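# Summary of the model geometry
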Amino acid sequence: MQTVKKAIIPAAGLGTRFLPVTKAMPKEMLPIVDKPTIQYIVEEAIESGIEDIIIVTGKGKRAIEDHFDHNFELEDNLMKKEKFDMLEKVNYASNVDIHYIRQKDPKGLGHAVWCARKFIGDEPFAVLLGDDIVQAETPGLRQLIQQYEDTESSVVGVQQVPFEQTHRYGIVDPNTVEGRRYQVNNFVEKPQQGNAPSNLAIMGRYVLTPEIFTYLDKQELGAGGEIQLTDAIQKINALQQVYAYDFEGKRYDVGEKLGFIRTNLEFALQNEAYSDDVEQMMKDLLTEKANI
Ligand code: UTP
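Keep in mind that this is a model prediction, so the values were computed, not measured. (Residues numbered from 1 in each chain as written. Predicted model: local features only at pLDDT ≥ 70, side-chain atom pairs only at ≥ 80, totals over all residues. Heavy atoms only, no water.)

Quick look at the nonpolar core now. Core analysis: the largest hydrophobic core is formed by 34 residues, its most contacted members being I8, F125, Y206, I212 and I233. Leaving out residues up to four positions away in the same chain, I212 has contacts with F125, L229, A232, I233 and I236. Listed in part, the 33 residues of the second largest apolar core include I41, I55, L141 and M203. (Core = buried A, V, L, I, M, F, W, Y, C linked by side-chain atoms within 4.5 Å. Buried < 20%, exposed > 50% of the residue type's maximum accessible area, 1.4 Å probe, protein only. Contact = heavy atoms within 4.5 Å.)

The subject of this paragraph is unusual backbone geometry. For the bond from L19 to P20, the omega torsion is 10 degrees, close enough to zero to count as cis. Tracing the sequence through the fold places P20 in the loop between β1 (6–10) and β2 (31–32). Even without glycine at this site, V33 takes up a positive phi of about 60 degrees. You can see V33 is positioned in the loop between β2 and β3 (35–36). On the basis of relative accessible area, V33 is assigned to the partly exposed category, the value being 30%. Here E82, not a glycine, exhibits a phi torsion of approximately 55 degrees, which is positive. Relative to the assigned elements, E82 resides in the loop between α3 (72–80) and α4 (84–94). (Helix = DSSP H or I, 4+ residues; strand = E, 2+ residues; numbered from the N terminus.)

Mapping V155 onto the fold places it in strand β8 (residues 155–160). C-alpha of V155 to C-alpha of V242: the two residues are 87 residues apart in sequence and 5.8 Å apart in space. Beyond its immediate stretch of four places on either side in the chain, V155 contacts L144, Q147, Y148, Y206, V207, Y243 and Y245.

Let us look at a nonpolar patch on the surface. A cluster of nonpolar residues, L258, I261 and L265, forms a patch on the protein surface that exposes about 290 Å² of accessible area. Structurally, L265 is set in helix α10 (residues 257–270). Judged by relative accessible area, which is 34%, L265 ranks as partly exposed. (Patch = residues over 30% accessible without salt bridge, like charges linked within 9 Å, V, L, I, M, F, W, Y side chains within 5 Å. Areas by Shrake-Rupley, 256 points an atom, 1.4 Å probe, with all protein chains shown as cover. Salt bridge = Lys/Arg side-chain N within 4 Å of Asp/Glu carboxyl O.)

It is worth spelling out the packing of aromatic side chains at this point. To describe a pair of aromatic rings, you give the distance between the ring centres and the angle between the ring planes. Counted under the stated rule, the structure contains four aromatic pairs. Ring geometry for Y40 versus F267: centroids 5.4 Å apart, planes at 85 degrees, classification edge-to-face. Of the two residues, Y40 is situated in helix α1 (residues 37–47) and F267 in helix α10; the sequence distance between them amounts to 227 residues. This pair shows no difference in class: Y40 is buried, exactly as F267 is. Arranged with centres 5.0 Å apart and planes meeting at 85 degrees, the rings of Y252 and F267 form a pair that is edge-to-face. (Phe/Tyr/Trp six-rings, centres within 6.5 Å; stacked < 30°, edge-to-face > 60°.)

Neither face of strand β12 (residues 243–246) is exposed, since Y243 and Y245 on one face and A244 and D246 on the opposite face are all buried. By the bridge criterion, four bridges tie β8 to β12 in an arrangement that is parallel. In the strand pairing of β12, V155 is matched with Y243. (Pairing = 2+ DSSP bridges.)

The subject of this paragraph is the confidence of the model for the protein. With 99% of its residues at a pLDDT of 70 or more, the protein shows a mean pLDDT of 93. Mean pLDDT across the elements of the protein bottoms out in α4 (82) and peaks in strand β6 (residues 125–128) (98). (pLDDT = per-residue confidence, 0-100.)

On the secondary structure map, G194 appears in the loop between β10 (181–189) and β11 (200–208). Expressed as a C-alpha distance, the spacing of G194 and G157, which sit 37 residues apart in the sequence, is 22 Å.

Turning next to the site of the ligand. Residues in contact with the ligand amount to 19 residues; listed here are only the nearest, A12, T16, E28, Q103 and G108. Take K107: an N or O atom from its main chain is 3.4 Å from an oxygen atom of the ligand. In this structure, an oxygen atom belonging to the ligand sits 2.7 Å away from a main-chain N or O atom of G108. Burial of the ligand by the protein chains amounts to 85% of its free accessible area of 570 Å². Within the shell around the ligand, the residues separate by chemical class into eight nonpolar, six polar and five charged. (Near = heavy atom within 4 Å. Polar contact = N/O pair within 3.5 Å; in protein donor to acceptor, adjacent residues only side chain to side chain. Nonpolar A, V, L, I, M, F, W, Y, C, P; charged D, E, K, R; others polar.)

Another point: the pattern of salt bridges. Tallied over the entire structure, the rule returns 16 salt bridges. The residue E28 makes a salt bridge to K61 at a minimum N-O spacing of 2.9 Å. In this pair, E28 sits in the loop between β1 and β2 while K61 sits in the loop between β4 (52–57) and α2 (62–67), placing the two residues 33 residues apart along the sequence. Each member of the pair, E28 as well as K61, carries the same accessibility label: buried. For E43, the salt bridge is made with K35, and the minimal N-O distance between the two is 2.9 Å. We classify E43 as buried; its relative accessible area is 13%.

Here it is, written out as structure tokens:
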């Protein structure tokens, strides 16, 4: 069995839900407390055993490459000022070996993954969305890789969402279940409200076999006029069983404003250095609001 050593992080989307900040700034670089979103995702990939990461970037995304590159002036300055803890943090990002490919036109998630096909070749690979953070004891992607190793099949990470939100996600129509792992009848991208076959939503983590590229090659348009990864997964499921795995842990959608604000507050409350102050700040703000 081939092991999963390569991961694609699609980060070329326009981030329209976050305008105007995303006009000149990649949403994947928006900070959660003091780290850009995409660094949490890169860390999860590395903790899951991934050795090679390819980030799909596009117009206006150069800040991502700069973040994972050395900044000699900054490193020299921190060294001279003996700010070694900061130096360590800055160096973590620049010591990761990352490759880049550009998606010239953001035609959808399926297209972004397809752009990395030559880098992947004929191996199973992981996909981690550039705007979804997962906090878990065993890293989210690691859990999916374990399922891939058990089944030698593609595995899609899912979690339950409220039924009224299913139209925002790719949804699975589950068949049999074994523990947290489901055999799947159908994968449906953004079903109309009230038409979802379940509330198991695809959550930004995948392990896929390279056969997926046979379908992505066809460049068929799906929901929203985009080339959808879910549609290619649905097609491959007819030939090779694709599993859905309800992974343990919490997923944070930082690609939309409320999710981003909530994630920042939650991560700040989890951080010993800030939690007391942030809690007090929140209480003060609520008192101020009540007194207006
Ligand atoms: P999203 O649909 O959340 O990102 O895609 P978006 O298109 O940038 O967001 P909105 O809807 O306009 O606000 C999930 C991930 O897939 C990447 C995005 O960068 C994001 O990290 N993506 C999406 C691509 O790389 N290329 C695409 O064509 C679309």
